[in-house]
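The chain contents come next:
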Amino acid sequence: MREAVEQLLLPAECLLCRALLSFRDSARLVCDVCRHRWRPVRPPWCARCGQPEPLFGRCRLCAEWPAAFGLARSAVWLDAGAREAVHALKYGGLPRIATELAAAMVGLDVPGLVSGLLVPVPLGRARLRDRGYNQSERLARALGRRWRRPVVDLLVRTRDTAAQTALTPEARLANVAGAFETRNAEGGARNSRTVEGSAVRVASSAFERPLILVDDVFTTGATLAEAARALERAGAGTVWAVTFGRAVVPDFT
Ligand SMILES: [Zn+2]
Ligand SMILES: [Zn+2]
């Protein structure tokens, strides 16, 4: 309902460059020109975390990841236009931009997708209350419609973590340590619930399928690794992750 009203009130212009959108595209938020400016993340990369590999030695970014967490891929680099789009999703109160971000993620190459379940990275209670929605869940639902895969709300965030922005990779890991639990860690399927629009019941068998974490941005992978750790503890054997954006990792050394 709110989204329908929003659509009527907002002028039909591109959110990023303010160019007017054609009548046909009036339900969209980002014009074709801006979408084509998003810079895809491409190989060569570390086969596991999808980060450009260091010139010497092996990738350190994913060295400490839990064994089940085998692959992370992102659609575009978090350059100016893409960053603005994520900002609109997170802070601009424009959850329907998730559709545009998901469209950029459709081509990500994820093995075992046909039997996979999409798992949004949850927000803490306070942040969810402030924002009114979880941007990762919106993204997962939009992507689930494109991929025809169910979205399952397997994770809960046990505490709100400090904003990661200013933290070093090591501090980021400490900041998110133990921040996630699975919904049916106790009480089995009774405690589980399904995300709206999804018909799948969460049973313990869910953990036997490839679980695909969905988040808006990959920075150092610390949050995703911690979420994967919680899924692994609950019995997951295969965890992948997909994000819309990938931040260029600042050089802390
Ligand atoms: Zn535009
Ligand atoms: Zn790596």
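Just so it is clear, the model here is predicted, and its values are computed rather than measured. (Residues numbered from 1 in each chain as written. Chains lettered and ligands numbered in written order. Predicted model: local features only at pLDDT ≥ 70, side-chain atom pairs only at ≥ 80, totals over all residues. Heavy atoms only, no water.)

Quick word on the sheet that holds strand β1 (residues 69-77)
Keep this limit in mind: DSSP-based pairing: two strands are paired if at least 2 bridges between them are found. Segments assigned H or I by DSSP are reported as helices when at least four residues long, segments assigned E as strands when at least two residues long, and all are numbered from the N terminus. All axes here are fitted lines through C-alpha atoms, helices being fitted over the stretch that makes contact, and every angle between N-to-C directions spans 0 to 180 degrees.
The 4 strands are arranged β1-β6-β5-β2 in an open sheet whose pairing can be described as parallel. With partners counted over all chains shown, the strands left at the sheet margins are β1 and β2 (117-120), one partner each. The sheet shows a mean angle of 25° between the axes of neighbouring strands, taken without regard to direction. In the sheet, strand β5 (residues 211-218) pairs with strand β6 (residues 239-246) via 7 bridges, with the strands oriented parallel.

Examining the side chain of Arg-131
What counts here: Here a residue-residue contact requires only that any non-hydrogen atoms of the pair lie within 4.5 Å.
In this fold, Arg-131 is placed in helix α5 (residues 125-131). Those residues in contact with Arg-131, other than ones at most four positions away along the chain, are Lys-90, Tyr-91 and Leu-123.

Structural notes on the coordination of the zinc ion (ligand 1)
Let me state the cut-off plainly: The rule for donors is simple: an N, O or S atom within 2.8 Å of the metal counts, and for Na, K and Ca the reach is 3.2 Å. Water is not among the atoms, so a site may look short of donors. Working definition: with a 1.4 Å probe on protein chains only, accessible area under 20% of the residue-type maximum means buried, over 50% means exposed, and in between means partly exposed.
Protein ligation of the zinc ion (ligand 1) involves Cys-14 (SG), Cys-17 (SG), Cys-31 (SG) and Cys-34 (SG), the donor distances falling in the range 2.3 Å. Along the chain, the residues donating to the zinc ion (ligand 1) fall in the pattern C-x2-C-x13-C-x2-C. Comparing Cys-31 with Cys-34, the two get one shared label, buried.

Overview of the coordination of the zinc ion (ligand 2)
Which entries qualify depends on this criterion: By the criteria applied here, four donors are tetrahedral when all angles lie between 85 and 135 degrees, four are square planar and six octahedral when opposite donors are over 155 degrees apart and every other angle lies between 65 and 115, and any other arrangement is irregular.
For the zinc ion (ligand 2), every protein donor is listed as Cys-46 (SG), Cys-49 (SG), Cys-59 (SG) and Cys-62 (SG), and the spread of their distances is 2.3 Å. Around the zinc ion (ligand 2) sit 4 donor atoms, and with donor-metal-donor angles ranging over 100 to 117° the site reads as tetrahedral.

What about the pattern of salt bridges?
Side-chain pairs of opposite charge can arise where the charged atoms are in close proximity. Cut-off, in case you're wondering: Counted as salt bridges are all cases of a side-chain nitrogen of Lys or Arg within 4 Å of a carboxyl oxygen of Asp or Glu.
Going through the model one piece at a time under the given rule, you end up with 12 salt bridges. Taking the shortest distance from any N to any O, the salt bridge between Glu-13 and Arg-18 comes out at 3.1 Å. Looking at Glu-13, the relative accessible area reads 22%, which means it is partly exposed. A salt bridge links Asp-25 to Arg-28; its shortest N-O distance comes to 3.7 Å. Accessibility expressed as a relative area gives 21% for Arg-28, which makes it partly exposed.

Digging into the nonpolar core
Put simply, the test is: What is meant by a nonpolar core is a set of buried Ala, Val, Leu, Ile, Met, Phe, Trp, Tyr and Cys residues, joined one to another through side-chain atoms within 4.5 Å.
By size, the foremost hydrophobic cluster in this structure holds 41 residues, and its most contacted members are Trp-38, Met-105, Val-242 and Phe-244. Mapped by element, the contributors of at least two residues to this core are β1, α3 (80-90), α4 (98-105), α6 (135-147), β5 and β6. Setting aside residues no more than four positions away along its own chain, Val-242 makes contact with Arg-73, Met-105, Leu-108, Val-110, Leu-143, Trp-147, Ile-212, Leu-213, Val-214 and Asp-215.

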